[in-house]
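Topology and contacts: notes
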Amino acid sequence: MPAVSQQHGGLIISRLQLQRRLPLATPPAALNHGQERRPPSHGCRPKHRTYPMHPRAQVAAQAAATEVDVAVIGGGIIGLCVALELLSHASHVSVALIERQVPCSGATGAGQGYIWLAHRQPNSPGWAIAQRSKQLWESMIDAAETPSKNGHRSKKLGRKADIEWQENGSMLLALTAEEGQDLQDRAAMLQQNGITAAYHSRAAVTKLEPALQLPHSGGALLVESDAQLSGRRAAEVLLARCHEAAAPSGRFQAYMNEPVQSVQVSPQTGAVTAISTTSRQLVTRKGVIVAAGAWSGHLLSTATGDDRWREVFKPRRGHLLELQLPAGMPPLRHGLMEMGYTQHLHKSGPLEDTGTDIAFTATPSTSGTCLVGSAREFSGWDVNPSQSIQEGIMQRAAHFLPGLRNYGSASGGVRVGLRPYALGGLPFIGPVAEVPGLFLAAGHEGAGLTMAPGTAELIVQHLMQETTSLEQQHVDAFSPAQRMHAALAGMT
């Protein structure tokens, strides 16, 4: 397995580049007897196939049709936040959440939980929604921990411990003098936008993070206000809060392990009318919100009849290792990320298969383990762990954390998920113009946790036809119509 190495001030830095070339997304044939290749069903394991229901089963499902105001497709962090926002927004709105497996079976459960602004560009659309989301995360935690004087609690999430919220700050790591200068410039830019940030030399970084080793020309940008949480714990709490918000009316229902087979549209009006799963039909009065991650393109294609949606969203597999730190190795105090990891965030050109890219990230968990990553690759719908990628992650991590040299396999397990990549690099958030009543909140790639509450607020404001919290220029940047136009332009 060839590797590309560079030497920086006496330290060998190796970026693994797996040379195999895999299909970008070659999903198994399903649903129409193999005439068209498409991703696995919204509710199935990626390796499995789904087939049309037997006519008797279809009749039974239709007989069990249920009316609901809003159906949310997808039980990841985006869908759960959307459901809670809807339930908290209006006491009369009924919500159905439909998930292909169970919460956290996709990208949400495989992430590190960054709630960071350090690596984002101030005043960009991504910055705006990430900053708003951080404010909402903090306000939901505060509402849970501090009831108002009359005993009433506003929209709440949970205590910090419930979602493993850690205000341990972030460190962006520079390996060269050029990267160091970039981080110094970034520190000044963040300061101008109200974020306390400081660049530290290699010597200062060693005092802040004794386990970390950088080359002599290296350094780090420290943003103390950045935080992290557990996506798995947050999903559990969000689902519980949805049930609590709907009690005692029962206006919230969660349907797990139910693939969505179709989004139905009226032939007369062109508006969305219902969705069908493997077990039931849900007739929607106000709308359908697609928050199905990498599977969203398939659902949009079936609803609109436009196959280009399948090309806009791609699954991007990621690996993350959970480790017990070796005896004698100092514990990590901050979230860590090398500069190379951030490069994908600012790409807006056509999709390119560059093999597997591995860049160093590490975060401490509340249980004392360390989450180490990370890998990105377009390898279709495969969610099986790769031994070679795990080895590459450990090799890369050992350059920054020497205490991990000669470390064995991941003691706490391997997390593998399919990030929902959207061409152009920004998520799609808003109404789908071709189908009245259909809304889209997907394509966040690795930033779902960072952007989830702001995404939920924005999509509900669209559905309720209310004034949005974000500036109009940023709202427009996330518009599915504008995003589709930009994505298609990038494909040519």
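Numbering of residues starts from 1 in every chain and runs along the sequence as written. Local features in a predicted model are, by the rule used here, given only for residues with pLDDT of at least 70; side-chain atom pairs are given and counted only at 80 or more, and totals for whole chains, interfaces and linings are based on all residues. Each side-chain value is worked out from all heavy atoms of the structure, with water and hydrogens disregarded.

Topic: the side chain of Asn-168
Among the secondary structure elements, Asn-168 is positioned in the loop between α3 (125-145) and β6 (170-174). Asn-168 sits in the buried class, given a relative accessible area of 10%. Think of a polar contact as two N or O atoms within 3.5 Å of one another; within protein, one of them needs to be a possible hydrogen donor and the other a possible acceptor, and neighboring residues in sequence only count if both atoms come from side chains. There is a polar contact of 3.3 Å between the side chain of Asn-168 and the side chain of Gln-228. Setting aside chain neighbours within four positions, we find Asn-168 in contact with Asp-226, Gln-228, Arg-333, His-334, Gly-335 and Pro-364. Where helices and strands are cited, they refer to DSSP runs of H or I of at least four residues and of E of at least two residues respectively, numbered from the N terminus. When a residue's accessible area, from a 1.4 Å probe over protein chains only, is under 20% of the maximum for its type it is buried; when over 50% it is exposed; and in between it is partly exposed. Contacts are assigned to residue pairs with any non-hydrogen atoms lying within 4.5 Å of each other.

Quick notes on the packing of aromatic side chains
Pairing of aromatic side chains here covers Phe, Tyr and the six-membered ring of Trp, requires ring centres within 6.5 Å, and sorts the geometry by plane angle: under 30 degrees stacked, over 60 edge-to-face, intermediate tilted. For the structure shown, the criterion picks out seven aromatic pairs. Summarising the aromatic geometry, the rings of Trp-309 and Phe-313 are spaced 6.4 Å apart at their centres and angled 15° between planes, so their arrangement reads as stacked. By the burial criterion, Trp-309 is buried, and Phe-313 matches it. Three or more aromatic residues joined by ring pairs form one cluster here, namely Trp-309, Phe-313 and Phe-428.

Considering helix α4 (residues 177-192)
Helix span, expected: 1.5 Å multiplied by one less than the number of residues in the helix. In this model, α4 (16 residues) spans 23 Å end to end at C-alpha, consistent with the 22 Å of a helix rising 1.5 Å per residue. Listing the buried residues of α4 in full gives Gly-180, Leu-183, Arg-186, Ala-187 and Leu-190. Buried residues of α4 fall within an arc of 115° about the axis and therefore sit on the same side. Counted as exposed and oriented over 90 degrees from the buried face of α4: Ala-177, Glu-178 and Gln-192. Just downstream of α4, Gly-194 is the residue with a positive phi angle, here 85°. Here, the arc refers to the directions that run from the helix axis to the C-beta atoms.

Notes on the pairing of strand β18 (residues 413-422)
The element β18 is extensively covered by neighbouring structure, given that eight of its 10 residues are classed as buried. Whether two strands pair depends on DSSP finding at least two bridges between them. Where strand β14 (residues 313-324) and β18 come together, 10 bridges link them in antiparallel fashion. When the sheet's bridge partners are listed, Phe-313 is paired in β18 with Ala-422.

A look at the nonpolar core
Most often, soluble globular proteins have nonpolar side chains that are buried together. What we call a nonpolar core is a set of buried Ala, Val, Leu, Ile, Met, Phe, Trp, Tyr and Cys residues that are connected through their side-chain atoms within 4.5 Å. Ile-77, Trp-137 and Phe-252 are the most contacted members of the largest nonpolar core, which totals 52 residues. Contributing elements (two or more residues each) for this core: β3 (66-73), α2 (77-89), β4 (95-98), α3, α6 (231-246), β20 (438-442), α10 (448-463) and α11 (472-478). Ranked by size, the runner-up nonpolar core spans 38 residues in total, among them Ala-96, Trp-309, Val-312 and Tyr-421.

A few points about the pattern of salt bridges
The term salt bridge refers to a pairing of a side-chain nitrogen on Lys or Arg with a carboxyl oxygen on Asp or Glu at a separation within 4 Å. Under the definition given, this model contains 19 salt bridges. Between Asp-162 and Arg-159 there is a salt bridge; the shortest N-O distance is 3.2 Å. By relative accessible area, which is 16% here, Asp-162 ends up buried. Two residues, Lys-160 and Glu-167, come together in a salt bridge whose shortest N-O distance is 3.5 Å.

A look at the packing of α2 against α6
To get an axis, fit a line to the C-alpha atoms, keeping to the stretch in contact for a helix; angles then go from 0 to 180 degrees between the N-to-C directions. Here α2 crosses α6 at 25°, and the two axes come no closer than 9 Å. Comparing their axes, α6 and α2 come out roughly parallel. As α2 runs across α6, the sense of the crossing is left-handed. In this structure, α2 contributes Ile-77, Leu-80, Cys-81, Ala-83, Leu-84 and Leu-87 to the contact, and α6 contributes Ala-234, Ala-235, Leu-238, Leu-239, Arg-241, Cys-242, Ala-245 and Ala-246. Of the residues belonging to the contact of α2 with α6, the class tally is 13 nonpolar, no polar and one charged. The cut-offs work like this: below 35 degrees is roughly parallel, past 145 is roughly antiparallel, 65 to 115 is roughly perpendicular, and the gaps in between are oblique. For any pair of crossing helices, the crossing counts as left-handed if the nearer helix is rotated counterclockwise from the farther one by less than a right angle, and right-handed if it is rotated clockwise. The classification used treats Ala, Val, Leu, Ile, Met, Phe, Trp, Tyr, Cys and Pro as nonpolar, Asp, Glu, Lys and Arg as charged, and all other residues, Gly among them, as polar.

Section: the packing of α2 against α10
The geometry of α2 relative to α10 is characterised by a closest axis approach of 8 Å and an angle of 40° between their N-to-C directions. Taken as a pair, α2 and α10 cross one another with a handedness that is right-handed. From α2, Ile-77, Ile-78, Cys-81, Val-82, Glu-85, Leu-86 and His-89 reach across to α10, where they touch Gly-448, Leu-449, Ala-452, Pro-453, Thr-455, Ala-456, Glu-457, Ile-459 and Val-460. The class makeup of the residues in the contact of α2 with α10 is 11 nonpolar, three polar and two charged.

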